[in-house]
Amino acid sequence: VGFVLGFVWSTIYPFKVAPVNGLRLQWQIQYSISLLLMLLGSLTIQRTPYLSSTIAAAVGVLMCTYPLPSMHQAYKEKNPNLMGSAVMNFAMFATCFAWVIHSSWLVEYDIFVLVANGSGVLVQGGALVLRFIIVRRKRLAQGENSELSALTPLL
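Residues numbered from 1 in each chain as written. Predicted model: local features only at pLDDT ≥ 70, side-chain atom pairs only at ≥ 80, totals over all residues. Heavy atoms only, no water.

### So, helix α5 (residues 68–77)
Here is step 1 of the chain: Along α5, the residues that are buried comprise Ser 70, Met 71 and Ala 74. Buried residues of α5 fall within an arc of 125 degrees about the axis and therefore sit on the same side. Those residues of α5 that are exposed and aimed more than 90 degrees away from the buried face are Pro 69, His 72 and Lys 76.
Here is step 2 of the chain: One or two residues past the end of α5 sits Lys 78, with phi positive at roughly 55 degrees. (Buried < 20%, exposed > 50% of the residue type's maximum accessible area, 1.4 Å probe, protein only. Helix = DSSP H or I, 4+ residues; strand = E, 2+ residues; numbered from the N terminus. Arc of directions from axis to C-beta.)

### Brief notes about the confidence of the model for the protein
For residues with low pLDDT, the predicted coordinates do not support detailed interpretation.
Here is step 1 of the chain: Residues of the protein with pLDDT of at least 70 account for 73%, and the chain-wide mean is 78.
Here is step 2 of the chain: At the level of individual helices and strands, the protein shows its lowest average pLDDT in helix α2 (residues 14–17), which scores 58, and its highest in helix α6 (residues 86–103), which scores 90. (pLDDT = per-residue confidence, 0-100.)

### Re the packing of aromatic side chains
Here is step 1 of the chain: Evaluated as defined, the whole model comprises 1 aromatic pair.
Here is step 2 of the chain: Centroid distance Phe 93 to Phe 97: 6.1 Å. Interplanar angle 15 degrees. Geometry classified as stacked. Pair noted here: Phe 93 and Phe 97 are both in helix α6, with a separation of 4 residues, about one helical turn.
Here is step 3 of the chain: On the basis of relative accessibility, which here comes to 24%, the residue Phe 93 falls in the partly exposed class. (Phe/Tyr/Trp six-rings, centres within 6.5 Å; stacked < 30°, edge-to-face > 60°.)

### Focus: helix α4 (residues 49–64)
Here is step 1 of the chain: For α4, built from 16 residues, the straight-helix expectation of 22 Å at 1.5 Å per residue is met to within 8% by its first-to-last C-alpha distance of 22 Å.
Here is step 2 of the chain: Every buried residue of α4 is listed here: Ser 52, Ile 55, Ala 57, Val 59, Gly 60, Met 63 and Cys 64. (Expected span 1.5 Å × (residues − 1).)

### Details of the nonpolar core
Here is step 1 of the chain: Listed in full, the 8 residues of the largest apolar core are Met 71, Ala 74, Leu 82, Met 83, Val 123, Ala 127, Leu 130 and Ile 134.
Here is step 2 of the chain: The set of elements that each furnish at least two residues to this core consists of α5 and α7 (111–151).
Here is step 3 of the chain: A total of 4 residues in this core trace back to one element, the largest contributor, which is α7.
Here is step 4 of the chain: Excluding anything up to four places from it in sequence, Leu 130 contacts Met 71, Tyr 75 and Met 83. (Core = buried A, V, L, I, M, F, W, Y, C linked by side-chain atoms within 4.5 Å. Contact = heavy atoms within 4.5 Å.)

### Here's the deal with a nonpolar patch on the surface
Here is step 1 of the chain: Taken together, the side chains of Phe 97, Ile 101, Trp 105, Leu 106, Val 107, Tyr 109, Ile 111 and Val 115 define a hydrophobic patch exposed on the protein surface, amounting to about 880 Å² of accessible area.
Here is step 2 of the chain: For Leu 106, the position within the fold is in the loop between α6 and α7.
Here is step 3 of the chain: The class of Leu 106 is exposed, set by a relative accessible area of 62%. (Patch = residues over 30% accessible without salt bridge, like charges linked within 9 Å, V, L, I, M, F, W, Y side chains within 5 Å. Areas by Shrake-Rupley, 256 points an atom, 1.4 Å probe, with all protein chains shown as cover. Salt bridge = Lys/Arg side-chain N within 4 Å of Asp/Glu carboxyl O.)

Rendered as structure tokens:
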């Protein structure tokens, strides 16, 4: 259930970033591909478990890296909310990090889980750093503006 809900979320997420009309076709294509992948994965799990694991890893990469398409736009527009909430980015980072440790050679090596969640750690960590940079630059710009406005009467 969590897998299906997460995948639906990652296909619906672009609606938050761009106009609905502009993404209607893209969403329909993504959703069709996701349903096809889930069907293919469920049909091959008994005969070819590696194919099912590969499909699950590919879907996991898509789910864990959802802010990636909007990171450039967030930086350009100085709007970190385009990458989702800070709480959501941190929760995904922490969850992916825990799965990376679990799937590493330290606990139980699983390359499929490691790849999917490793990409999540990189992208979600990048989103948190980018969020910090954007907020810091906004605060610095506001500080400069308030200093200039305070000096304006003296000039």
